[in-house]
Each structure stands twice: as structure tokens, then as C-alpha cells.
Amino acid sequence: MKIVMPSKIYENILDVVTKLTSLMNQTENSQLLLERFLEECINITQADSGSIMLLEENKEYLYAIVAIGLDKNSAGMRLKIGEGITGWVAKHKKTRIIDDAYTEQDYVRVRDDLISEIAVPMILNDDLIGVLSLDSRKKSAFTEDDAILLQIVANLSVAIFAKIQDNELLKIREKFHKVLLEISSSITKSTNLQEVFEDIMSLTQKVIRIYRSTLFLYDRKEHLLKIGAIYGFHSEDSKNIV
């Protein structure tokens, strides 16, 4: 039996994918992509808030990388796998729709006026990457059609996200490699520790935002750490370093 996708779902999927593809050509920022994707999901389902949580490397916790309409501290929030609706979805890799949060014992409340929720696993190559969660102040705000729509676009978006993230890591590695070559060249130009340290930190700043740094050297005779070189400090400030 052939299953026909409702035209409205198809139109929404096409709309989201078109916008994500366009954004992918405009930015190489993976977090910005997720923020825009979350905005589109909220708009399409008429949700009041939402978040995207990604699986940590230890695969024991989720952390919120983006959040809209929630407490300002929600971004960065951690949730154990299996905890709450989102944690349950991560554990079982299944979408879950909550019509009335007050009837669900495992619901984790992040806003007092939110009543219903839909949480969708974000999967790539059968591996869980994260969970998309949307909330509403209305009862029974989300439908099975929403679940179909969100599951499809979530999996598509996470594939795009992974691609951009790989490109970001590749560029960072290339920058580090270039900086290391420049550092090795700088070291051979001078025997003055302060000059070498300043060159190293100046080059490193191209990859990492470092504004101040101190190099401590161990004095074997006095068994103390002493300042060997400084970077980014005023002469007066350096006297207060301990």
C-alpha cells in the first residue's frame, strides 16, 4: 500500500529544506544553522518555545546548544539521558508528543506556562546526534503531522550541521598547522625568551582568542615557579602576578 504524504507537510518540508540549503551557502557557522532551523520549526508548528540539545561525547548527557523562548540560562543546560521527555526521546530514539504536561510524571518544567511538548530525535547514520524539542502554552498543540514533518527536517538539518561542523574543524586544524609552522620558524630567530614568547602568543592569537598569558619557569634551586615571560600585561600589572 502506497503512503501519500499530506501536501501541507510536503510544502513545509520543502520550505524548511530550501531555507537551510540557502543558509548553508551563506554561512559556515554550525550553531547559527541550528538557531535558524529552530526558528523555522517554531514558526511552522506555531510553538511558543523550543530548544536543540546535542549528545555529549560521553553519551551520558545532552546539552542545550540553542534555545528560543526559554529562560536565558536554558542554553547550556545539561540533561541526563533518560531524564525528562527529552532524555526519554534520546534514550529510545523515538518521537514523543505530550498533550498535557501536568499529566506526565517525567516532564521537566522549564517554564510555568508551558503545557504541551513535542520532542524529536535528531539522527545521522542511525546514531543519535541530539533532540529537537518544541513547547506550547496550549493543550494538545502538536499533531502526528507535526511529528512527521519535524522528524524529516530534523534528520536533514543534522546532516547539514555535521557537514558544516566538519568543515569548521578542518579549517581550525589548518590554522593550527600554519601557526605551528610559524612558531617553529620564530623560535630559531631569537634566543631571548621574552621575544620568543611574545611571538608565540601573537601567532597563537590568530587561532585562539588569548589576550594575556604568563610563562612560569621552575627554579630547581629555590623550588619555586618564577615568571619567565609575560604577554598582554602592562608593566604595572605584571608585578601583581603571583
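Computed from a predicted model, the values in this text were never measured in an experiment. (Residues numbered from 1 in each chain as written. Predicted model: local features only at pLDDT ≥ 70, side-chain atom pairs only at ≥ 80, totals over all residues. Heavy atoms only, no water.)

1. Some details on the overall build of the protein chain
Looking only at helices and strands, one finds 6 helices and 8 strands in the protein chain. Along the protein chain, helices (α) and strands (β) appear in the sequence α-α-β-β-β-α-β-β-β-α-α-β-β-α when read from the amino end. Going through the 242 residues of the protein chain one by one, you find that 38% of them count as buried. Taking the intrachain contacts of the protein chain between residues at least 6 apart in sequence as the baseline, contacts between residues at least 24 apart amount to 51%. Surface summary for the protein chain: the accessible area is close to 15,100 Å², and the carbon and sulfur share equals 52%. (Helix = DSSP H or I, 4+ residues; strand = E, 2+ residues; numbered from the N terminus. Buried < 20%, exposed > 50% of the residue type's maximum accessible area, 1.4 Å probe, protein only. Contact = heavy atoms within 4.5 Å. Areas by Shrake-Rupley, 256 points an atom, 1.4 Å probe, with all protein chains shown as cover.)

2. Notes on the confidence of the model for the protein chain
Averaged over every residue, the pLDDT of the protein chain is 79; residues scoring 70 or more account for 68%. Counting interchain partners and residues more than four positions distant, the pLDDT-below-50 stretch residues 1-5 has 3 contacts. (pLDDT = per-residue confidence, 0-100.)

3. With respect to unusual backbone geometry
Positive phi outside glycine occurs at lysine 93, with the angle close to 55 degrees. Along the chain, lysine 93 turns up in the loop between helix H3 (84-92) and strand E4 (96-98). Phi at histidine 223 is positive, roughly 55 degrees, even though this residue is not glycine. Following the sequence through the fold, histidine 223 ends up in the loop between strand E7 (213-219) and strand E8 (224-231). For histidine 223, a relative accessible area of 56% puts it in the exposed group.

4. Observations regarding the side chain of glutamate 40
Assignment of secondary structure puts glutamate 40 in helix H2 (residues 30-45). Overall, glutamate 40 belongs to the buried group, its relative accessible area being 17%. Once you skip the residues sitting within four places of it in the chain, glutamate 40 turns out to touch Asp15, Val16 and Lys19.

5. A closer look at the pattern of salt bridges
A complete count under the given rule lists 6 salt bridges for this structure. Aspartate 106 serves as the salt-bridge partner of arginine 96, at 2.8 Å between the closest nitrogen and oxygen. In this pair, arginine 96 is assigned in strand E4 and aspartate 106 in the loop between E4 and strand E5 (116-124), connecting sequence segments 10 residues apart. On the basis of relative accessibility, which here comes to 14%, the residue arginine 96 falls in the buried class. Aspartate 106 sits in the partly exposed class, given a relative accessible area of 27%. With its nearest N and O atoms 3.4 Å apart, the salt bridge here joins lysine 139 to aspartate 100. Note that lysine 139 is positioned in the loop between strand E6 (127-136) and helix H4 (144-187) and aspartate 100 in the loop between E4 and E5, a separation of 39 residues in sequence. Owing to a relative accessible area of 56%, lysine 139 belongs among the exposed residues under this scheme. Given the relative accessible area of 16%, aspartate 100 is considered buried. One continuous salt-bridge network, built from bridges that share partners, spans Arg96, Glu104 and Asp106. (Salt bridge = Lys/Arg side-chain N within 4 Å of Asp/Glu carboxyl O.)

6. Topic: a nonpolar patch on the surface
Taken together, Phe216, Tyr218, Leu225 and Ile227 make up a surface patch of nonpolar side chains, about 400 Å² in accessible area. Secondary structure elements with two or more residues in the nonpolar patch: E7 and E8. For phenylalanine 216, the location among the structural elements is in strand E7. (Patch = residues over 30% accessible without salt bridge, like charges linked within 9 Å, V, L, I, M, F, W, Y side chains within 5 Å.)

7. Quick look at the sheet that holds E6
Here 6 strands make up an open sheet; going across it, the order is E3-E2-E1-E6-E5-E4 and the pairing antiparallel. In this open sheet, the two strands that pair with only one neighbour each are strand E3 (78-80) and E4. Averaged over all pairs of adjacent strands, the angle between strand axes in this sheet comes to 25 degrees, irrespective of strand direction. Of the pairings in the sheet, the one linking strand E2 (residues 61-68) to E3 comprises 3 bridges and is antiparallel in character. By the bridge assignment for E3, tyrosine 63 is matched with arginine 78. Lying over the sheet, H3 contacts strand E1 (49-55), E2, E3, E4, E5 and E6, oriented at roughly 30 degrees with respect to E5. (Pairing = 2+ DSSP bridges. Axes fitted to C-alpha atoms, helices over the stretch in contact; angles between N-to-C directions.)

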